[in-house]
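# Summary of the model geometry
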Amino acid sequence: MTMNGAVIPILAFFIVAGEEQGVSQAQLDGTIQNDILKEFMVRNTYIYPPEPSMRIVSDIIAYTSANMPKFNSISISGYHMHEAGATAVQELAFTIADGKEYVQRAMASGLDIDAFAGRLSFFFGIGMNFFMEVSKLRAARTLWHRVMDELGAKDERSKMLRTHCQTSGVSLQEQDPYNNVIRTTVEAMAATLGGTQSLHTNALDEAIALPTEFSARIARNTQIILAEETGITKVVDPLGGSYYVEALTAELVDQAWKIIGEVDELGGMTKAVASGMPKRLIEEAAAARQARVDKGEDVIVGVNKYRLETEDQLDTLEVDNDFVRQGQIARLAATRASRDEAACQAALHALTEGAKSGANLLALAVDAARARATLGEISDAMEAVFGRYATTPVPVQGIYGSAHEFDKRWAQVLDGVASVGRRLGRKPKLLVAKMGQDGHDRGANVIASAFSDMGFDVISGPLFQTPEETVVLALQHDVDAVGASSLAAGHKTLIPELIKGLREAGRGDIKVIAGGVIPPQDYDFLREAGVQGIYGPGSNVVECAADVLTLLGHNMPPLHDAAE
């Protein structure tokens, strides 16, 4: 279960659901992600500050070790770092360093390392650099064994790195999407040859929508064919002994170990995260990668090379967000109406007091779940003591611009920004907005970094904003345009609300553009709502900026002029 900020109530619900079906806690197996450190780095579904969040991790490890011996209490995740743009070395180093920090925290709370370490698992992303990904998994096992040995583990099971892998989402493309079947197959083979214990294969349409039954079946059958027809699952470490793979593995181990040492010098991963070091390095790598793609140095078939003249429309899954939301509200109302309110409030009060006293939070949350407290109520009961953690993104600068230093189109855009700036009497202002329950911010950060390097005055909005809050921020900064980044299927609800709010405030002149995972068949709906530019996956960032300048009234020369 990919759950981190709200991990306590979700795991409590799972435990109580088992009880009510006659399944004891000792019989429960499965995995909860419970990896909060990477949330502060890349995925952003944190609720509380780092220290109480780390206490939650330790409480879950302690509770499951005592009561749920078959259950994996944490899945230490590099996948989201990979998707945010981390290099293989960064993903390795920060993931292993996260695991080290969790083990140290659990040991500091009094747990014996060999009592819980055998139930820890990992989760890595697998991209298109085939031999790099194979070697990354091999290096991870070496690094984890080394770390656990140094921490005093005696049981060999404690030193084993067991991992789940998922094929890359960011490698999927909107353009010529059937190529994504090939990409996922290559990535799945790399994970298998690298020694993954379990695997998730993405569907071909996930760059633009949630998967359909058709695309999900292909993704599932990719795994079945690899398992049943190829024989590659019957060989342990089949590429071991290859000079190239062994040399690459050793190089990854050495480079990652160096970064782990730097993290240790900062005082461990919690302090490193607080310093912003991992997040900054990953965002710099993401900006550099985007620049290489936009310049054609990194080839993506169907996007920046071998592109189709016309794209066939792909049938995608349509989800009625309002219908789902109203159904959930109705279920919550029914639960609250039927429960013993006094017992529920008493359990929530006990949880708040336990947050103050140091009692095990999961144990108290299980009591609250039995009394039918909701996820929000359980979270709020802890927030009353811990507070809520919030950050405002700070885009990295200089990476994207330096890569385009001698590019003619880049020079045209810089001239255009300067021209608009002279007309306005200031730099053109862009608000990059993340609305709704969407924590993945790679796209938003890349846009903010690139546009900043181009000379725009970029305001990066906080994550999880409402449209109303975004309107207020846009008015406060007197922006010329709002770029709404959407990856969680909320574009048909959130973006029209934003446009409506701007118009009601008398600022319908502020241009609204949209980017992210938006099905092409929704483009007309958004344009009718007032969106003036839509940029899906695979869009060239420099051309996006040229288009925005046109919206702001600057007459940009056509692309072929720069090519000449």
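Refer to the structure above for everything that follows.
Residues numbered from 1 in each chain as written. Predicted model: local features only at pLDDT ≥ 70, side-chain atom pairs only at ≥ 80, totals over all residues. Heavy atoms only, no water.

## Regarding the overall build of the protein chain
The test is simple: Working definition: helices are DSSP H or I runs of at least four residues, strands are E runs of at least two. Numbering for both runs from the N terminus. Note that the radius of gyration is over C-alpha atoms, with the globule rule given as 2.2 Å times the number of residues to the power 0.38. Here's how the labels work: a residue is buried when its accessible area is under 20% of the maximum for its type, exposed when over 50%, partly exposed in between, all with a 1.4 Å probe on protein chains only. Working definition of accessibility: Shrake-Rupley area with a 1.4 Å probe, residue cover restricted to the visible protein chains.
Check the secondary structure of the protein chain and you find 25 helices and 11 strands. In terms of overall dimensions, the protein chain is globule-like: its C-alpha atoms have a radius of gyration of 24 Å, near the 24 Å expected for 564 residues. By principal-axis analysis of the C-alpha atoms, the protein chain measures approximately 70 × 65 × 50 Å. Across the 564 residues in the protein chain, those meeting the buried criterion constitute 53%. For the protein chain, the accessible area works out to roughly 24,300 Å², and carbon and sulfur atoms hold 53% of it.

## Things to note about a negative patch on the surface
Heads up, the rule is: To count toward a patch, a residue needs a relative accessible area over 30% and no salt bridge; like charges are then connected within 9 Å, while nonpolar side chains (Val, Leu, Ile, Met, Phe, Trp, Tyr) are connected within 5 Å. Salt bridges, as used here, are contacts in which a Lys or Arg side-chain nitrogen is within 4 Å of a carboxyl oxygen on Asp or Glu. For this count, His and the chain ends are skipped, Lys and Arg are scored as positive, and Asp and Glu as negative. For charged residues, the charge sits on one atom: NZ in Lys, CZ in Arg, CG in Asp, CD in Glu.
A surface patch of negative charge is lined by Asp320, Asp322, Glu468, Glu469 and Glu497. Its place among the elements puts Glu469 in helix 21 (residues 467–477).

## With respect to the sheet that holds strand 10 (residues 511–516)
Filter applied, for reference: Any two strands between which DSSP finds at least two bridges are classified as paired. Axis definition: a line fitted to C-alpha atoms, over the contacting stretch in the case of helices. Angles run 0 to 180 degrees between N-to-C directions. Contacts: residue pairs with any heavy atoms within 4.5 Å of one another.
Spatially, 5 strands are ordered 8-7-9-10-11 in an open sheet, and the strand pairing comes out parallel. Where the open sheet ends on each side, the last strands, each with one partner, are strand 8 (457–460) and strand 11 (533–535). With strand direction ignored, the average angle separating the axes of adjacent strands in the sheet is 20 degrees. Running over the sheet, helix 21 touches strand 7 (429–434), strand 8 and strand 9 (481–486) and is turned about 165 degrees from strand 7. Contacts from helix 24 (residues 541–551) reach strand 10 and strand 11, with the element oriented near 175 degrees to strand 11.

## Here we look at unusual backbone geometry
Of note in this structure, Asp237 is not a glycine but carries a positive phi near 45 degrees. Tracing the backbone shows Asp237 in the loop between helix 10 (213–229) and helix 11 (243–265). Despite not being glycine, Arg372 has its phi angle at roughly 70 degrees, a positive value. Looking at the element boundaries, Arg372 is found in the loop between helix 16 (361–370) and helix 17 (375–386). The exposure class of Arg372 is partly exposed, given its relative accessible area of 36%.

## As for the sheet that holds strand 5 (residues 163–167)
One key point about sheets: their strands pair by backbone hydrogen bonds, in either a parallel or an antiparallel sense. Strand order in the open sheet formed by 4 strands is 3-4-5-6, and the pairing between neighbours is parallel. This sheet does not close on itself; its edge strands, each paired only once, are strand 3 (74–77) and strand 6 (198–200). Put simply, the sheet's adjacent strands are angled 25 degrees from each other on average, direction ignored. Two elements, strand 3 and strand 4 (residues 120–126), share 4 bridges in a ladder whose sense is parallel. Bridge pairing links Ile76 to Phe122 in strand 4.

## A look at the side chain of Thr64
As for its placement among the helices and strands, Thr64 is situated in helix 3 (residues 50–67). Beyond its immediate stretch of four places on either side in the chain, Thr64 contacts Leu11, Pro69, Phe71 and Ser73.

## Here's the deal with the packing of aromatic side chains
Aromatic ring pairs: the centre-centre distance and the angle between the two ring planes describe each pair. The test is simple: Under the pairing criterion, centres of Phe, Tyr and Trp rings, with the six-membered ring standing for Trp, must be within 6.5 Å; the plane angle then separates stacked pairs below 30 degrees from edge-to-face pairs above 60, leaving the rest tilted.
According to the stated counting rule, one finds 12 aromatic pairs in the structure shown. A ring pair is formed by Phe14 and Phe71, whose centres lie 5.7 Å apart and whose planes are at 40 degrees; its orientation type is tilted. Of the two residues, Phe14 is situated in helix 1 (residues 7–20) and Phe71 in strand 2 (residues 71–72); the sequence distance between them amounts to 57 residues. In this structure Phe14 comes out as partly exposed when scored by relative accessible area, which is 26%. Ring centres of Tyr46 and Tyr389 lie 5.3 Å apart, and the angle between their planes is 80 degrees; this geometry places the pair in the edge-to-face category. Placement of Tyr46 in the loop between helix 2 (37–43) and helix 3 and of Tyr389 in the loop between helix 17 and helix 18 (399–403) is noted, with a sequence separation of 343 residues between them. Under the relative-accessibility criterion, Tyr46 is labelled buried at 8%.

## Comments concerning the pairing of strand 9
The two faces of a sheet get side chains in turn, since along a regular strand they alternate between them. Heads up, the rule is: Looking down the strands as they point away from the viewer, one classifies a crossover as right-handed if the path from the first strand across the helix to the second runs clockwise.
Burial within strand 9 is extensive, with 6 of its 6 residues counted as buried. Side chains Ala481, Gly483 and Ser485 of strand 9 all project onto a buried face; the interleaved residues Val482, Ala484 and Ser486 project onto the opposite face, where all are buried too. Inspection of the sheet shows strand 7 paired to strand 9 by 5 bridges, in the parallel sense. From the neighbouring strand, Ala433 faces strand 9, where its bridge partner is Ala484. Both strand 9 and strand 10 contribute to a ladder of 6 bridges, which runs parallel. Bridge assignment links Ser485 to a residue of strand 10, and that residue is Gly515. This β-α-β element, strand 9 to helix 22 (residues 491–504) to strand 10, shows right-handed connectivity.

## Quick look at the pairing of strand 7
With respect to burial, strand 7 is a largely interior element, 6 of its 6 residues being buried. By the alternation rule, side chains of strand 7 split into Lys429, Leu431 and Ala433 and Leu430, Val432 and Lys434, which are all buried. Two elements, strand 7 and strand 8, share 4 bridges in a ladder whose sense is parallel. Considered in strand 8, the bridge of Leu431 is made with Ile459.

## Structural notes on the nonpolar core
How we decide: By convention a nonpolar core is built from buried Ala, Val, Leu, Ile, Met, Phe, Trp, Tyr and Cys residues, the set being connected through side-chain atoms within 4.5 Å.
Counting residues in each nonpolar core, the largest one holds 62 residues, and the members touching the most others are Phe94, Trp144 and Met269. Looking at this core element by element, the count peaks at 10 residues for helix 5 (residues 88–108).

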